[in-house]
Amino acid sequence: MKIVSAIIALLLVCSFCTRAQDSRYLVEFRDKKGTAFTLANPSAYLSAKAITRRTVQQIPIDSTDLPISSAYFDSIRLVPNVTIINKSNWLNQVAIKTTSQAALTKINSFAFVKSVNTLGAKFIPAAVKPVEKFERIEKRVQSPSLKSLANIYNYGASLNQIHIHNGEYLHNLQFNGRDMVIAVLDAGFSGYKTNKAFDSLRLQNRILGEFDFVKNEISVNEDDAHGTYCLSILTANRSGLLVGSAPNASFYLYRTEDSFSEYPIEEQNWVAGAERADSAGADMISSSLGYSDFDNPALNHSYLQRNGNFSVVTRGADLAARKGMIVMNSAGNSGAEAG
């Protein structure tokens, strides 16, 4: 009897795992027919700063800028047992969550739907604590070999890092990020609201906004610290200890990465964050994220697919650059690995 009960329990767990793993999908639309917005009135969906950026760089506003059709969006939203996660105007698609096959059948029946593809969904048993994907590397900071007495900033231990690209020369000429807006896309910014290295950032109200695209909430202060580390390299300003490369820039902080799993939904989150950065008027996107292999190997991007034009995140990054933003993404963490 115990064996039979155990088998039944195992089957139930496996059934739940299968549903959970396939609970998130990307719905792509065929067109934007019925959208209430026009190319002639971009101020209805883009900020003045975003429009100015395009004007200065002679970038035309095109159909990718137009918001998706509200009729299409609402049709998906009103399907029973479907939750909208986020959307992309650029790629004309929405990410949804559902475990209902009937809902998927209904969505596929809509004439305006081009495709429905799985984004996967992590399943973590309650008794198992997930392991973060970010590698934690502790290194002893060596004393700078360069003197900083003649510089505007007292860089402390960060002088060598700044000096790699002669950043202190630019700082001395007042190129310190002032009047520039940077959107940082990462896995969270744990403790940034209390960390002393960001005192001036907070006191001068240079955090222009934040959003968590993983949990769909407005706070990013309680999640992973990886974004905090990256933000410190950009804008920390604690004299004699740590000074970033853009200590006077303003920032949007967006959490798009779930540090406890790796699934394609995070690519869609990244694009949603990039679009929000664009519409808000950011000048630059900085992220330390990359996607190729996933927790479910069936979702991995093959070598041929890693061509800069296939995945959601690379197409989104291309569009972000086309909108006039500088897109900076880290590369090289796996540079020492074979293959």
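A quick note: this is a predicted structure, and the numbers were derived from the prediction, not measured.

Enquirer: Just checking my understanding: could you explain the packing of helix α9 (residues 265-280) against helix α10 (residues 312-322) for this structure?
Expert: When two helices pack together, their arrangement is given by the angle between the helix axes and by the axis-to-axis distance. In the contact formed by α9 and α10, the axes pass within 8 Å of each other and the chain directions differ by 15°. Relative to α10, the element α9 is oriented roughly parallel. As α9 packs across α10, the resulting crossing turns out to be left-handed. Along its contact with α9, which presents Glu267, Gln268, Trp270 and Val271, the element α10 presents Val312, Val313, Gly316 and Ala317. Counted by class, the contact of α9 with α10 contains five nonpolar, two polar and one charged residues.

Enquirer: What's the story with the confidence of the model for the protein in this structure? I'm lost.
Expert: In low-pLDDT regions, the fine details of the predicted coordinates are not to be read closely. When pLDDT is averaged along the protein, the result is 87; 83% of the residues meet or exceed 70. For residues 1-21, every residue scores under 50 in pLDDT, and the model assigns this stretch ten contacts once sequence neighbours within four places are set aside. Every residue in residues 123-131 is under pLDDT 50, and counting partners more than four places away or in other chains gives nine contacts.

Enquirer: What am I meant to see in α10 here?
Expert: An α-helix turns once every 3.6 residues. As a result, residues three or four positions apart point the same way. The complete set of buried residues in α10 reads Val312, Val313, Gly316, Ala317, Leu319 and Ala320. For α10, the buried positions fall inside an angular range of 165° around the axis, keeping them on one side. On its buried face, α10 sits against β1 (24-29), β3 (93-97), α9, β10 (284-287) and β11 (326-329). With its phi angle positive at about 100°, Gly324 sits one or two positions after the end of α10.

Enquirer: Where do I start with unusual backbone geometry in this structure?
Expert: Residues other than glycine predominantly adopt negative phi, and peptide bonds predominantly adopt the trans conformation. The residue Asn166 is not glycine, and still its phi comes out positive at about 55°. By secondary structure assignment, the location of Asn166 is in the loop between α5 (159-163) and α6 (167-172). Positive phi values are uncommon outside glycine, yet Asp179 reaches one of about 70°. Mapped onto the elements, Asp179 comes out in the loop between α6 and β5 (181-186). For Asp179, a relative accessible area of 68% translates into the label exposed.

Enquirer: What's the story with the sheet that holds β3 in this structure? I'm lost.
Expert: Sheet strands line up and pair through hydrogen bonds in the backbone, either parallel or antiparallel. Taken in spatial order, the four strands of this open sheet run β2-β3-β1-β4, and their pairing is antiparallel. Here the strands that pair on one side only, and so sit at the sheet edges, are β2 (83-88) and β4 (113-118). When strand polarity is set aside, the average angle formed by the axes of neighbouring strands in this sheet is 20°. Here β1 runs beside β3; their pairing, made up of five bridges, is antiparallel. From the neighbouring strand, Tyr25 faces β3, where its bridge partner is Ile96. Here helix α4 (residues 101-109) sits on the sheet and contacts β1, β3 and β4; the angle it forms with β4, its principal contact strand, is near 150°. Here α9 sits on the sheet in contact with β1, β2 and β3, set at roughly 55° to β2.

Enquirer: Whenever I open this one, the pairing of β2 confuses me. Can you help?
Expert: A regular strand places its side chains on the two faces of the sheet in alternate fashion. Pairing of β2 with β3 involves five bridges; the strand directions are antiparallel. Note that in β3 the partner of Lys87 across the bridge is Val94. Here β2 folds back onto β3, and the loop between the two strands holds four residues, one of which, Asn92, carries a positive phi near 55°.

Enquirer: Would you explain the sheet that holds β5 in this entry?
Expert: Across the sheet, five strands lie side by side as β6-β9-β5-β10-β11; this open sheet has parallel pairing. Only two strands of the sheet have a single neighbouring strand rather than two, namely β6 (207-212) and β11. Taking the axes of each pair of neighbouring strands and ignoring which way they run, one obtains an average angle of 15° across the sheet. As paired elements, β10 and β11 share four bridges and run parallel to each other. Counterpart to Ser287 in the pairing with β11 is Asn329.

Enquirer: So what exactly am I meant to see when it comes to the pattern of salt bridges here?
Expert: Side chains bearing opposite charge may pair, as long as their charged atoms lie close to each other. For the structure on display, the rule yields 15 salt bridges. Close ionic contact of Lys49 with Asp283 constitutes a salt bridge, the shortest N to O distance being 3.1 Å. With Lys49 in helix α2 (residues 48-56) and Asp283 in the loop between α9 and β10, the pair connects residues that are 234 residues apart, well separated along the chain. In this structure, the salt-bridge partner of Arg306 is Asp293, at a minimum N-O distance of 3.0 Å. Pair noted here: Arg306 is in the loop between β10 and α10 and Asp293 is in the loop between β10 and α10, with a separation of 13 residues, a long-range link. Residue class for Arg306 comes out partly exposed when judged on its relative accessible area of 45%. Through salt bridges with shared partners, a single ionic network connects Arg53, Arg54, Asp62, Asp65, Asp278, Arg322 and Lys323.

Enquirer: Even after reading the chapter, I still don't get the packing of α2 against α9, so can you show me in this structure?
Expert: The geometry of α2 relative to α9 is characterised by a closest axis approach of 5 Å and an angle of 85° between their N-to-C directions. Judged on the interaxial angle alone, α9 and α2 are roughly perpendicular. Each of Lys49, Ala50, Arg53 and Arg54 in α2 lies in contact with α9, whose residues at this interface are Ala277, Asp278, Ser279 and Ala280. For the contact of α2 with α9, the class distribution of residues is three nonpolar, one polar and four charged.

About the thresholds
- The residue count restarts for each chain, going from 1 along the sequence in the order it is written.
- Given that the model is predicted, a residue must reach a pLDDT of at least 70 before its local features are reported, and side-chain atom pairs must reach 80 or more before they are shown or counted; all residues, however, enter totals for whole chains, interfaces and linings.
- Only hydrogens and water are removed before side-chain values are computed, so all heavy atoms of the structure are retained for them.
- In this description, a line fitted to the C-alpha atoms serves as the axis of each element, helices being fitted only across the stretch in contact, and the angle between N-to-C directions of two axes falls anywhere from 0 to 180 degrees.
- Helix numbering and strand numbering both begin at the N terminus, where a helix is a DSSP run of H or I of at least 4 residues and a strand a DSSP run of E of at least 2.
- Angle categories: roughly parallel below 35 degrees, roughly antiparallel above 145, roughly perpendicular from 65 to 115, and oblique for all the rest.
- Handedness of a crossing follows from how the near helix is turned relative to the far one, being left-handed for an anticlockwise turn of less than a right angle and right-handed for a clockwise one.
- Residue contacts follow a heavy-atom distance rule, with two residues in contact if any of their heavy atoms lie within 4.5 Å.
- The classification used treats Ala, Val, Leu, Ile, Met, Phe, Trp, Tyr, Cys and Pro as nonpolar, Asp, Glu, Lys and Arg as charged, and all other residues, Gly among them, as polar.
- Values of pLDDT, the confidence the predictor places in each residue, fall between 0 and 100.
- Exposed residues in this analysis have more than 50% of their type's maximum accessible area, buried residues have under 20%, and partly exposed residues fall in between, with area computed by a 1.4 Å probe over protein chains only.
- Of all possible arcs, the one meant is that of the directions from the helix axis to the C-beta atoms.
- When DSSP finds at least two bridges between two strands, those strands are taken to pair.
- By definition here, a salt bridge exists when the distance from a side-chain nitrogen of Lys or Arg to a carboxyl oxygen of Asp or Glu is within 4 Å.

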